[in-house]
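# Fold and contact review
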Amino acid sequence: MNRLKTALTGTTVLTLAAGAAMAEGELNALVWCDHTDPGLIEPFEQAFGVKVNLREYEGTGAALALLEQSRPGDWDVLVIDGIDVFRAVDAGLLAPLPDEALPTDDFFPQVVMAENNSVDGVTYAVTEKFGYNTISYNADKVDPADMQNLSAVWSEKYDGRISIYDYYLPVMGLAAIANGIDTAGIDGASLAAIGSTLGEMRARAASVAGVVAAQTALATGEVDIVVGGGEWLTAVLAEEQPELTWTIPQEGAVRWAQSIGVLESSENKDMAVEFVKYITSPEGQARLATSSCFWGMPANAKAGEFLTDAQKNTLRWDEQPDYLARTQLYPAPDTDLDIEMQDLWLDTLQQ
Amino acid sequence: MSTGHQRLKGPGFVTPALIWTFAFFVVPFLVMGTMSLATLEGRTLVWGLSLANYAELTEKAYLWRAIMVSLEITLTVTVVSVILAYPLAWIIAYRIPPRWQRLALLLAILPFWTSYVVRSYAWLLVLAREGVVNQTLISMGLISEPITLANTRFATVTGFVHFFVMLLTLTIYANLVQLSPNYRRAAMDLGASAFQTFRHVVLPLTLPGIVTGAFLTFVLCIGDYVTPQILGGNTELTVPQVIMVQLGRRADFPLASALAIVLMAIVTLVYILSARWLRLDRL
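As the structure is a computational prediction, the values presented were derived from the model and not from experiment.

The next point concerns the overall build of chain B. Scanning chain B for helices and strands turns up 12 helices and two strands. When the elements of chain B are put in sequence order from the N terminus, they spell out α-β-β-α-α-α-α-α-α-α-α-α-α-α. Counting only C-alpha atoms and orienting by the principal axes, one finds that chain B spans roughly 85 × 70 × 35 Å. Burial statistics for chain B: of 283 residues in total, 42% are counted as buried.

This is the structure:
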């Protein structure tokens, strides 16, 4: 482990040395909580002599509203849901990224997601991390075989022992998959079937919980299953409670991905690009994957060289080819469908 | 000269308060009101004078349901908190020796010192299936299986009541200690029983304290997001929770503003109904 740390630090210093001569300053990044781990940010700050100011947000809408109300130059870097990159591009918020600076050739091919990160052939963002919205469960309390079948997960057998992740897109994606509907094929006509499955889930669920509440519920035994959970939910608990695990059922599951880009209004674009390069480098990816906030698979497959066997085991590194083949990116509805889906979700919660 | 000087004193004292109110209440309220009349077309905000967002209250059942849920929870919390706070305030005011009253009040407000979020999560653990309450009931033989307490309306109400009983105790206590003991003595001298004294003398005279505390409880409770989000488990949604959903992904500020205006209208209505007894100056 120590040798790995030394190698990681040494490689980081060498990799970042080229840019170290850059001017000192500050970089302002609007991020998800996994970027706030000092273990991820400090090596970059030290190498470039720059202070990275981080602000967390939840929900693309909140982030875009914040950016639109900020002064030009307030923000340099944006981490955004992979399916929402086009919204930031439409709003003119993201700057083109230099393709040659991005190590996408080393990425797991399924998560390069050029169709999401590029518009009209111009790259505006790059995938940095991904994972699954699937089934997390307590292996001591439920039959793991049942977790291989989505309809068994929310069957009467587990009545009151389920929590549903509180985000409508991945959960409705799972409901679609349970009905044999591709997440990319969800439309107004398929919402009836999805709504019916959501209703079944809701009837069996003890709660509909956000990240912390779902982790708490699973860890305290309040529930035994989290529908929509995954490695991001259980990995940080794995050391103390190895019985908390996750799986991808036979029908498949939903895949999430987050992207990172540089803001068009940034006055520190060169440094911002360096930050993106660091985050997508194998070393940065290994740190991001095992961030203290939540774990997830690094987009860059070479990050595996900087992860321990135990970390890779928790992330199910060796199963990724199978998981990537059996999962679908979660729904990316257009505005009208998004409103319909959100209304259906809220209607279901209020039943 | 001195009359003119004095004439200027009034506006001089009032102006800072007026500026403050204008900047931090009137302007935001006008912005929110204007925003509630705008619409979100696709992802574009279109300014106008549309009532479409208000019309959605009748078109979308979950919005109306959220208002009902908010009202039901808030009224329950207010009534339960008053019922629990009054005896507590009474005991502190009349049964505890004056030299211990300050300590008693300190103990009553002690839970205020912890973070609101931490306190809510603590309740979640207390009410969990493996939590203190269930384990105690099982060990006493009162139940054989854990019962569902967390992630329910009961949990939300419990978390709220824990917080607001303290607030109400303070407002009612402040009213009770201002009440001259001669009123009670006179009533007793005239042959009233202890209950009659309370019913016809003390209770009416302490009504302003009760209503003031109840109004504050209502206002704070109906607009709260944290407690129902953590303790309610999203098994039903209140208006603030629905507002957050509108903002989170779609950034539907017009609909969120309309919902906020509805909340404000409800609070205003409650204020009008209780204005007769309100004594906010006694806080």
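Next comes the rest of the account.
Below, the discussion takes up the state of the cysteines. Residues and elements named next belong to chain A. Going through the model one piece at a time under the given rule, you end up with one disulfide over all chains. Disulfide pairing is shown between Cys-33 and Cys-293; the S-S distance is 1.8 Å. Its S-S torsion of about -70° marks the bond between Cys-33 and Cys-293 as left-handed, since a negative value means left-handed. Placement of Cys-33 in the loop between strand 1 (25-31) and helix 2 (38-48) and of Cys-293 in the loop between helix 12 (282-289) and strand 12 (297-298) is noted, with a sequence separation of 260 residues between them. Accessibility expressed as a relative area gives 19% for Cys-33, which makes it buried.

Now for the confidence of the model for chain B. Mean pLDDT over chain B: 91, with 96% of residues reaching 70 or higher. The least confident element of chain B, judged by mean pLDDT, is helix 1 (residues 2-36) of chain B at 86; the most confident is helix 3 (residues 61-95) of chain B at 96.

Residue pairs three or four apart in sequence face the same way in an α-helix, which turns once every 3.6 residues. Residues and elements named next belong to chain A. Here helix 11 (residues 269-280) spans 16 Å end to end across 12 residues, near enough to the 16 Å set by a 1.5 Å rise per residue. Of all 12 residues making up helix 11, nine are buried, and the element is well covered by its neighbours. Listed as buried for helix 11 are Met-271, Ala-272, Val-273, Glu-274, Phe-275, Val-276, Tyr-278, Ile-279 and Thr-280.

Turning our eyes to something else, we now look at the domain arrangement of chain A. All names here are of chain A. Under the domain assignment used here, chain A contains domain 1 (2-130 + 256-321) and domain 2 (131-254 + 328-349). Averaged C-alpha coordinates put domain 1 and domain 2 at centres separated by 27 Å. Across the boundary between the two partners, domain 1 contributes 17 residues, which contact 18 residues of domain 2. For the pair domain 1 and domain 2, the two sides together bury roughly 1,500 Å², of which 58% comes from carbon and sulfur. Broken down residue by residue, the surface that domain 1 buries against domain 2 is led by Ile-83, Trp-256 and Arg-316, which jointly contribute 46%. Taken together, domain 1 and domain 2 are joined by zero salt bridges. On inspection of domain 1 and its partner domain 2, the count reaches five residue pairs in polar contact (both at pLDDT 80 or more). Put simply, the parts of the chain that give the side of domain 1 that touches domain 2 at least two residues each are strand 11 (253-262) and helix 13 (309-315).

Contact with chain A, which involves 35 residues of that partner, is made by 29 residues of chain B. Carbon and sulfur atoms supply 49% of the area buried between chain A and chain B, which totals about 2,800 Å² over both sides. Sorting the residues of chain A by area buried against chain B places Glu-222, Leu-346 and Gln-350 of chain A first, and these three jointly supply 25% of that buried surface. Across the contact surface, chain A and chain B share three salt bridges. Here chain A and chain B share 18 residue pairs in polar contact (both at pLDDT 80 or more) between them. For the side of chain A that touches chain B, the secondary structure elements donating two or more residues are helix 3 (60-69), helix 4 (85-90), helix 7 (168-178), strand 8 (205-209), helix 9 (211-220) and helix 15 (335-349) of chain A. For the side of chain A that touches chain B, the element with the highest residue contribution is helix 15 of chain A, accounting for eight residues. Among the residues making up the side of chain A that touches chain B, the classes are represented as 15 nonpolar, 10 polar and 10 charged.

Under the definition given, this model contains 18 salt bridges over all chains. Linking Asp-338 of chain A and Arg-249 of chain B is a salt bridge whose minimum nitrogen-to-oxygen distance equals 3.1 Å. Here Arg-249 of chain B lies in the loop between helix 11 (239-248) and helix 12 (253-274) and Asp-338 of chain A lies in helix 15, a pairing that spans two chains. The residues Asp-338 of chain A and Arg-249 of chain B share a single accessibility class, namely buried. Note that Lys-60 of chain B is salt-bridged to Glu-56 of chain B, the shortest N-O span being 2.8 Å. Sharing partners across several salt bridges, the network here consists of Asp-84, Arg-87 and Asp-338 of chain A together with Arg-249 of chain B.

Parameters and conventions
Residues numbered from 1 in each chain as written. Chains lettered and ligands numbered in written order. Predicted model: local features only at pLDDT ≥ 70, side-chain atom pairs only at ≥ 80, totals over all residues. Heavy atoms only, no water. Helix = DSSP H or I, 4+ residues; strand = E, 2+ residues; numbered from the N terminus. Buried < 20%, exposed > 50% of the residue type's maximum accessible area, 1.4 Å probe, protein only. Disulfide = S-S within 2.5 Å. pLDDT = per-residue confidence, 0-100. Expected span 1.5 Å × (residues − 1). Domains from an automatic or database assignment. Contact = heavy atoms within 4.5 Å. Buried area = accessible area lost by both parts, 1.4 Å probe. Salt bridge = Lys/Arg side-chain N within 4 Å of Asp/Glu carboxyl O. Polar contact = N/O pair within 3.5 Å; in protein donor to acceptor, adjacent residues only side chain to side chain. Nonpolar A, V, L, I, M, F, W, Y, C, P; charged D, E, K, R; others polar.

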